[in-house]
Amino acid sequence: MHRRHFLSSALAWPLVSGPTRLYAAANSPARLLFVFLRGAYDAASLLVPISSNFYYESRPDIALARPSADLASSLPMTTDWGLHPALRDSLYPLYQRGELAFVPFFGTDDISRSHFETQESIELGQPLVGHKDYSSGFLNRLSTVLTGSAPMAFTNQLPSIFKGPAQVPNTALSTLAKPAIDVRQSDIIASMYSGTRLASVVQEGFVMRQELMRELATEMDAASRQSISAKGFELEARRIGKLMKDSYRLGFVDVGGWDTHVGQGGATGYLANRLNELGQGLAALPQELGRAWKDTVVVVVSEFGRTLRQNGSRGTDHGHGSVLWVMGGSVRGGRVVGEQIAVERTTLFQDRDLPVLNNYRDTLGGLFQRQFGLSQTQLAQVFPGASARDLGLL
Amino acid sequence: MFVEHWRMTHLPLLGAATLSLLLASCAAPQTGQNQQFSAADTAYQQVNHLTWGANTSAVEHFRQQGAEQYLQNQLHPARCPLAPELQQQIDGMRITTTPLLELVQQMEQQRKEADALGNDEAKKAAQQAYQQELNRLRRESTTRHILRALYSPCQVQEQMTWFWLNHFSVHQGKGNLRAMLGDYEENAIRPHALGKFRELLGAVATHPAMLRYLDNEQNAAGKINENFARELMELHTLGVDGGYSQHDVQELARVLTGAGINSNASNSLQKKELQALYVRRGAFEFSPNRHDFGNKSLLGQPLQGKGLAELNEALDRLAAHPATARFISHKLAVYWLADEPPAALVKRMAEAFQKSQGDIAATLAVLLNAPEFAQASGRKFKDPMRYVVSAVRLAYDQKPILNTGPILNWLERMGEPLYGRVTPDGYPLTANAWDSPGQMSTRFEIAKAIGSGSAGLFKSDGPQPQERAAFPQLANALYFQSMAATLSPATLRALEQASSAQEWNTFLLSSPEMMVR
């Protein structure tokens, strides 16, 4: 499907809502999966500023080498940037295929450098100054704007990003157990609710659980045929891919474990392992989504970046600017885009961090506008007060 | 009918008195009508409305004391004894044995020692141990809270403790806040939960947990951080439409400058001329060095710069404001009565609040004695905390659980863990936040876990866990005498279809009637 076709079909979302969202969504092709890396991953290890001598001076132990034949060196992208070698087999092929783009110097103006506060302020997506509505996250607002968006949080708790007036279900897929309540018991429980205001809600809850199990039944099949079945985030991502192909259009998942103050490693080690696992999972999405991959955009964000200089424990501390990842079958990838600046001592923010030149609200606003054809009014609902910038990612 | 089968197989578990009641009530017709209750039913419903959830012993207390006296005792609790083994458990907790300042110092010491290690592996392990200890301290606080909710005879006080913890919400995730939660609940919240709102406000506003959570420890003259000031007016007192301006936020932030935390043994050094204004109470510190002594104006009135006394004056002003009376009264009515409480009742409560100088028990008395309250039984949807606590109370009455872990996990799964609200606005108190399809399915699974007796509540923690057999006692005299009559025909029919005692329990705990108070 061509990009133009993709955009126009995205505009043609049916105006369906109500309790039957599992089925109602089947006609709307545009899909967005939002991946939040909690703990502020070291973006300077993902996207390596290979043209910066200052980077190599600042990180005597953990810098990633400039691209070369050495398997431990970073993978060639542009003259300024290389990719972490842990992504060689998973995401690098997507980048080369043009389905993955990166936006460095990305993030928020919030400089508290507190995980908890910055995650929260990003998820709310509201201006930093003035009254905040804590019960309104920006994906919920996006979901409200896109009638029939079939949202789903693939998490145990409903994350702040999905809080708000639109009813959003949530189910963690990392720890999915067979429902404890069997079909007979479900029917009997549902019978107690018939005629009450919760009748349809209870019914839908059971349908949702059964639907999840049906969707994932093939997983056991596959697992029994393959010698090695997916584990960890890859398993979770494959489940998400299946569900987003058939039932949901607006998804959220978070992945933790990125707070690397001590011994984060370089081409190998703790951070490399985390990136490898993440990469395997994300690379599985196009496989699971199949033809729907053309209509899908996956964005990966984190609350902030880390200090450019390594600290005394060969790790990094809380910083500022991060890197946005944008993947999808119709993404104009294979590029590093957005406002950029040379990584030098003089360009550091507060002499420690990569600066933020691409504000998350403006950048994501521009991306959503492009993907979903949002009007200015709708955009202002999702990101009030932001000035959307289209970086041509689609 | 399944109950027959259950009686046959489980008879030996029941006492003789219970048995005769049980048989007598079985003989009586079960009407399943919601409208008319015998005196006994009313007692059950009233207790259900006043406590974390009705159970046999609470209904007994209620009957012994009579409605009026029971309510009076609940609003003005004198003693709240727990079973000795529970009290012992709480007494042995580090949060009980170590005062806040000491605890914070010990944890700081542990953190510094971990950071100072040279070897990467050792350092990582020590930092993990530090985090684990913070988690354990949080677990002590949550466990204590759950045990009291389940077993304290002072049930209104316990609910108000939860209510104010939620109203003055702090999140466990920030810094070392996990070490402060126990003290925050025990010394800032619970003693004032039914007392004067102004005293509660003062205790909260000078507690290190709140000062850290809302950044007031960073707030200093010339380097204003207005986070706490804004929430103090918007969330804690006046309410978002309470008639304050951005100017008031800035002025209150100036008033709050210097109110912070000192976890050192020694006091911070102060300029000589300001020394007299220095205040230190445990880990709380008012540092005149950091205070903006300029004159201010707050809510249209001047406020003279004079140190910590300004804060007291500002809190007086906020607590006495009519908007605060309305805001707090409305929130109390939402929590206890209905998502959209009758405006006339809220008005009467607000009047009582103002007349009594913000006496919480007096305000609550208006609500709990109101005809609107008496008629509202079975309408207020339970939030996850109330659902879980009421289900365990009903299932096990006074039999002390050995492990709060399953309860804490359920609260996590349903998105309402204690001290787990990320934002300072607290968990929502209305049905629409908690009655989604996923939530309901989770509740049924919890109902099954409790109902089948396999939830792990009687499996002790530790290296050699011990499990005590404890089958939930749901089909008891209370059920047959009182509860059954409040159930709809549909619920009764469902219960009849149960094929085991476990399933019968599961259905009862899953019923629409169990979802409301």
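For clarity, every value in this text was computed on a predicted model and none was experimentally measured.

K.L.:
I'd like a rundown of the interface of chain A and chain B, residues and numbers included.
P.N.:
Contacts between the two partners involve 37 residues from chain A and, on the opposite side, 47 residues from chain B. Counting each side, the surface lost to burial between chain A and chain B is near 3700 Å², with a carbon and sulfur contribution of 56%. It is Phe116, Tyr134 and Met192 of chain A that lose the most area in chain A upon contact with chain B, and together they represent 19% of the buried surface on that side. Across the contact surface, chain A and chain B share five salt bridges. Where Asp435 of chain B meets Arg197 of chain A, a salt bridge forms, and the shortest distance between an N and an O atom there is 2.9 Å. Connecting chain A to chain B are 17 residue pairs in polar contact (both at pLDDT 80 or more). Residues belonging to the side of chain A that touches chain B are distributed by class as follows: 16 nonpolar, 11 polar and 10 charged.

K.L.:
Explain the confidence of the model for chain A residue by residue, including any values.
P.N.:
Summarising the model, chain A shows a mean pLDDT of 89, and 90% of its residues fall at 70 or more. Within the model, the stretch residues 1-27 of chain A combines pLDDT values under 50 with 60 contacts to residues more than four positions away or in other chains.

K.L.:
How would you explain the UniProt feature "coiled-coil region" (unreviewed entry) in chain B if you had to name every residue and give the values?
P.N.:
Taking the numbering used here, the UniProt-annotated feature "coiled-coil region" (unreviewed entry) corresponds to residues 100-140 of chain B. Across residues 100-140 of chain B one finds 93% helix and 0% strand; the C-alpha atoms that close the span lie 14 Å apart.

K.L.:
I'd like a rundown of the pattern of salt bridges, residues and numbers included.
P.N.:
Enumeration over the complete set of coordinates arrives at 47 salt bridges over all chains. Notably, a salt bridge pairs Glu117 of chain A with Lys174 of chain B, separated by 2.5 Å at the nearest N-O pair. One end of the pair, Glu117 of chain A, is in helix H6 (residues 115-124); the other, Lys174 of chain B, is in the loop between helix H10 (155-167) and helix H11 (181-189), on a second chain. In this structure, Glu117 of chain A and Lys174 of chain B share a single accessibility class: buried. In this structure, Arg190 of chain B engages Glu185 of chain B in a salt bridge whose closest nitrogen and oxygen atoms are separated by 2.9 Å. The pair formed by Arg190 of chain B and Glu185 of chain B is uniform in burial state, with each residue classed as buried. Connected through salt bridges with shared partners, the residues Arg144, Arg148, Glu158, Glu185, Glu186 and Arg190 of chain B form a single ionic network.

K.L.:
I'd like to hear about the state of the cysteines, residue by residue, with values.
P.N.:
Residue and element names in this part refer to chain B. In total, this model carries one disulfide over all chains according to the counting rule given. The disulfide partner of Cys80 is Cys154, and the S-S distance across this bridge is 2.0 Å. Every disulfide takes its handedness from the sign of the S-S torsion; for Cys80 and Cys154 that torsion is -100°, giving left-handed. On the criterion of sequence distance, the pair formed by Cys80 in the loop between helix H5 (67-75) and helix H6 (84-91) and Cys154 in the loop between helix H9 (120-151) and H10 is long-range, its members being 74 residues apart.

K.L.:
Tell me about the sheet that holds strand E2 (residues 279-281) of chain B, and name the residues and values.
P.N.:
Strands in a sheet are paired, the pairing made by backbone hydrogen bonds, and the direction either parallel or antiparallel. Residues and elements named next belong to chain B. Ordered by their spatial adjacency, three strands build an open sheet running E1-E3-E2, and the pairing between neighbours is antiparallel. Two strands lie at the open edges of the sheet, namely strand E1 (259-261) and E2, each paired on one side alone. The average undirected angle you get between the axes of adjacent strands in this sheet is 20°. Pairing of E1 with strand E3 (residues 284-286), which is carried by three bridges, proceeds in the antiparallel orientation. Following the sheet pairing, Gly260 is matched in E3 by Glu285.

K.L.:
Kindly report on the nonpolar core, identifying the contributing residues and their values.
P.N.:
All names here are of chain B. Among the nonpolar cores identified, the biggest contains 166 residues, and Met160 and Trp164 are the most heavily contacted of them. The greatest single-element share of this core, amounting to nine residues, is contributed by helix H21 (residues 384-396). Ignoring any residue separated from it by four or fewer positions in sequence, one finds Met160 in contact with Ala193, Leu194, Leu332, Trp336, Ile360 and Leu364.

K.L.:
Describe the packing of aromatic side chains, and please don't skip the residues or the numbers.
P.N.:
With the rule as written, the count across this model stands at 31 aromatic pairs over all chains. Ring geometry for Tyr41 of chain A and Trp258 of chain A: centres 6.2 Å apart, planes at 70°, overall edge-to-face. Highlighted residues: Tyr41 of chain A in the loop between strand E1 (31-37) and helix H3 (43-46) and Trp258 of chain A in the loop between strand E7 (250-255) and helix H12 (270-289), separated in sequence by 217 residues. Here the aromatic rings of Tyr41 of chain A and Trp325 of chain A are separated by 6.1 Å at their centres, their planes lie at 80°, and the arrangement is edge-to-face. Of this pair, Tyr41 of chain A sits in the loop between E1 and H3 while Trp325 of chain A is found in strand E9 (residues 322-327), placing the two residues 284 residues apart along the sequence. Since its relative accessible area comes to 0%, Trp325 of chain A is described here as buried. Members of the aromatic cluster, joined through ring pairs, are Trp162, Phe163, Trp164, Phe168, Phe197, Tyr335, Trp336 and Phe353 of chain B. It is Arg38 of chain A that lies over the ring of Phe36 of chain A; its NZ or CZ is 4.9 Å from the centre.

Conventions used here
- Residues numbered from 1 in each chain as written.
- Chains lettered and ligands numbered in written order.
- Predicted model: local features only at pLDDT ≥ 70, side-chain atom pairs only at ≥ 80, totals over all residues.
- Heavy atoms only, no water.
- Contact = heavy atoms within 4.5 Å.
- Buried area = accessible area lost by both parts, 1.4 Å probe.
- Salt bridge = Lys/Arg side-chain N within 4 Å of Asp/Glu carboxyl O.
- Polar contact = N/O pair within 3.5 Å; in protein donor to acceptor, adjacent residues only side chain to side chain.
- Nonpolar A, V, L, I, M, F, W, Y, C, P; charged D, E, K, R; others polar.
- pLDDT = per-residue confidence, 0-100.
- UniProt positions renumbered as here; feature names shortened; annotations may be inferred.
- Helix = DSSP H or I, 4+ residues; strand = E, 2+ residues; numbered from the N terminus.
- Buried < 20%, exposed > 50% of the residue type's maximum accessible area, 1.4 Å probe, protein only.
- Disulfide = S-S within 2.5 Å.
- Pairing = 2+ DSSP bridges.
- Axes fitted to C-alpha atoms, helices over the stretch in contact; angles between N-to-C directions.
- Core = buried A, V, L, I, M, F, W, Y, C linked by side-chain atoms within 4.5 Å.
- Phe/Tyr/Trp six-rings, centres within 6.5 Å; stacked < 30°, edge-to-face > 60°.
- Lys NZ or Arg CZ within 6 Å of the ring centre and 35° of its normal.

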